[in-house]
Amino acid sequence: MADSTYGNLIKNGLWGNNQALVALLGLCPLLAVTNTAINGLGLGIATLLVLTLSNITVSLIRNVVPEEVRLPIFVLVIASFVTAVELSMNAYFYELYKVLGIFIPLIVTNCAIIGRAEAFASKNNVLRSTVDALAMGVGFTLVLATLGAIREIIGMGTLFSQAHLMFGDAARGFTITLGDDFQGMLLAILPPGAFIGLGLLIALKNILDQRATRAKIATARSGVDASGAQPSSVG
Amino acid sequence: MIKHPIVKAGLLLAAFAVLGTGLVAFTHQTTAERIAANERNALLRMLHAIVPAETIDNDIVNDMTVVSDPEHLGQAETEVYLGRKDGQPVAAVFTPVVPDGYSGPIKLLVAVRTDGVLGGVRVVAHKETPGLGDKVEVEKSDWIFSFNGKSIGQPKLADWKVRRDGGVFDQFTGATVTPRSIVKAVKNTLLYYRQHGEPLFKTPQEAAPAESPAHG
């Protein structure tokens, strides 16, 4: 593909083919743990780590693995990394591990990871697969953290509460409280809040994309010829 | 021999299974000790919150006995951590389960001092509604502290209820079931302690001489 330069890989991961907002993959953890910004960030980083490790490994073994058994092997690779990451989190981020609970082992079932292994890493070299994994992982993490932040602000009136779970005791002061008597809108931290929040984020992304496309068409029209208008990310 | 592609594929799959298991085994090996220490420290911190560290001098995490009274303590086997100072009993920390929470069982730590007074109560694990029932968490509200210093008789047994049921304990707006079930479970734990409390401390530590060699 001509347009898959590193810049494009990064742009796709963060925006154009964002795993959460466009591909709509990994929604189970996305919806379940994003009741605070820190929880979202924690699970996002764990996912990013697994995605990077699995993309690198899958890319390394892509020429050795026969077609018929590639999926079971990818699953094995991913499951091993997830378990290793789970154990490490239990050892080094015990409190955060407690909060995220079952959703760390469930990273195995995040379709975004097997999706990138199958669709990208099994066909590209190690460097490109790493860049792809980092971009996709950061894109996913940003959505998790943003959705977490929105739900936390609306639902509890705080931001970055429990930051010490991730950054140690020094981060206890990170918590921002918005108004002392704001009790929060319960709906936002309940499961429906996750769906509504995600829906709004997707809508926002689509609005921004449409604006960009329209602006592009407008410039193309006013320019000499209109060949450059690529409706690549009308989502 | 290895001509058929499926044989090769099978062997390769097996090799990856071995590698994957190896990675997990290695990680487990390197983190197991730290994880055990984490769990122990977390438990110790919880215990110290309701049985202050300066009031006891024994290794409370390991000075543990198991009792069985599903009717009062909610499950077939309940661990009881025993706090002592100079060999004298100070407090027993029960780990009862509240069977009738709003959404599933609630795990508690209940510290009962030897005079039958509550040292404190903490919720260890629950699935109550965020924003409503989860005010039983110490991070979310002060409600759980309302048990401090209470005992059977103070208030009297009939008043061990939430206010809506005519008792002395607050419920939360929009969530009565959770506090009601916890108040009942704490009351049952106190009743259990009143009947069976003292013998709990007569565990091996007292039966055997206090000196225990390094292998402990």
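Since the model is a prediction, treat every value here as computed from it, not as a measurement. (Residues numbered from 1 in each chain as written. Chains lettered and ligands numbered in written order. Predicted model: local features only at pLDDT ≥ 70, side-chain atom pairs only at ≥ 80, totals over all residues.)

Chemist: I would appreciate a short explanation of the overall build of chain B in the present structure.
Modeler: In terms of regular secondary structure, chain B is built from four helices and six strands. Overall size of chain B, expressed as C-alpha extent along the three principal axes, is 85 × 55 × 30 Å. Relative to its 216 residues, chain B shows a buried fraction of 31%. In chain B, once contacts between residues fewer than 6 apart in sequence are set aside, the share between residues at least 24 apart is 48%. (Helix = DSSP H or I, 4+ residues; strand = E, 2+ residues; numbered from the N terminus. Buried ≥ 20, exposed ≤ 12 C-beta atoms within 10 Å, placed from the backbone. Contact = placed C-beta atoms within 7 Å.)

Chemist: Quick question: what am I supposed to make of the environment of Ile38(A) here?
Modeler: Residue and element names in this part refer to chain A. Counting through the fold element by element, Ile38 comes out in helix 3 (residues 37-60). Residue Ile38 is classed as buried on the basis of its C-beta count, with 27 C-beta atoms lying within 10 Å. Taking C-alpha positions, Ile38 is 11 Å from Arg151, a pair spaced 113 residues apart along the chain. Other than its neighbours up to four places away in sequence, Ile38 contacts Phe160, Gln162, Ala163, Leu165 and Met166.

Chemist: What is the right way to look at the packing of helix 3 of chain A against helix 4 (residues 70-92) of chain A in this model?
Modeler: When two helices pack together, their arrangement is captured by the angle between the axes and the distance separating the axes. All names here are of chain A. Relative to each other, helix 3 and helix 4 sit at 140°, their axes nearing to 9 Å. Seen along the crossing, helix 3 lies across helix 4 with a hand that is right-handed. Here Ala46, Leu49, Val50, Leu53, Ser54, Thr57 and Val58 of helix 3 lie close against helix 4, whose contacting residues are Phe74, Val77, Ile78, Phe81, Val82, Val85 and Met89. For the contact of helix 3 with helix 4, the class distribution of residues is 12 nonpolar, two polar and no charged. (Axes fitted to C-alpha atoms, helices over the stretch in contact; angles between N-to-C directions. Left-handed = near helix turned anticlockwise from the far one by under 90°. Nonpolar A, V, L, I, M, F, W, Y, C, P; charged D, E, K, R; others polar.)

Chemist: Looking at this model, I keep getting lost on unusual backbone geometry. Mind explaining?
Modeler: Residues apart from glycine generally show negative phi values, whereas peptide bonds are mostly found in trans. Cis geometry is found at the peptide bond from Gln154(B) to Pro155(B), where omega equals 5°. With respect to the element layout, Pro155(B) can be found in the loop between strand 6 (118-125) and helix 3 (177-200). One non-glycine residue with positive phi stands out, namely Leu24(A), at about 55°. Tracing the backbone shows Leu24(A) in the loop between helix 1 (6-16) and helix 2 (27-33). You can call Leu24(A) partly exposed: it has 14 C-beta atoms within 10 Å. The phi angle at Phe160(A) is positive, at roughly 60°, despite the residue not being glycine. As for its position among the elements, Phe160(A) is in the loop between strand 1 (158-159) and helix 8 (164-167). The class for Phe160(A) is buried, based on 20 C-beta atoms found within 10 Å.

Chemist: What am I meant to see in the nonpolar core here?
Modeler: A general tendency of soluble globular proteins is for nonpolar side chains to be buried together. Ranked by size, the top nonpolar core spans 54 residues in total, and within it Ala46(A), Val50(A), Ile78(A), Phe81(A) and Leu144(A) carry the most contacts. Of all the secondary-structure elements, those providing two or more residues to this core are helix 2, helix 3, helix 4, helix 5 (94-100), helix 6 (111-119), helix 7 (126-156) and helix 10 (191-222) of chain A. If you tally residues by element for this core, the top one is helix 4 of chain A, at 11 residues. In this structure, Phe81(A) is in contact with Val50(A), Leu53(A) and Ser54(A), ignoring residues within four places of it in sequence. Of all hydrophobic cores here, the second largest spans 39 residues; its members include Ile50(B), Ile60(B), Ala185(B) and Tyr193(B). (Core = buried A, V, L, I, M, F, W, Y, C linked by C-beta atoms within 7 Å.)

Chemist: Explain the interface of chain A and chain B to me, please; I cannot follow it from the model alone.
Modeler: Interface extent is often summarised as the accessible area lost during association of the parts. Across the boundary between the two partners, chain A contributes 23 residues, which contact 19 residues of chain B. At the level of elements, helix 4 and helix 9 (186-189) of chain A are the ones that each hand at least two residues to the side of chain A that touches chain B. Each residue belonging to the side of chain A that touches chain B can be placed in one class, and the counts come to 15 nonpolar, seven polar and one charged.

Chemist: Looking at this model, I keep getting lost on the environment of Glu137(B). Mind explaining?
Modeler: Residue and element names in this part refer to chain B. Locating Glu137 in the fold gives a position in the loop between strand 6 and helix 3. Note on Glu137: 15 C-beta atoms within 10 Å, which makes it partly exposed. Sequence separation between Glu137 and Ala125 is 12 residues, and the spatial gap between their C-alpha atoms is 9.1 Å.

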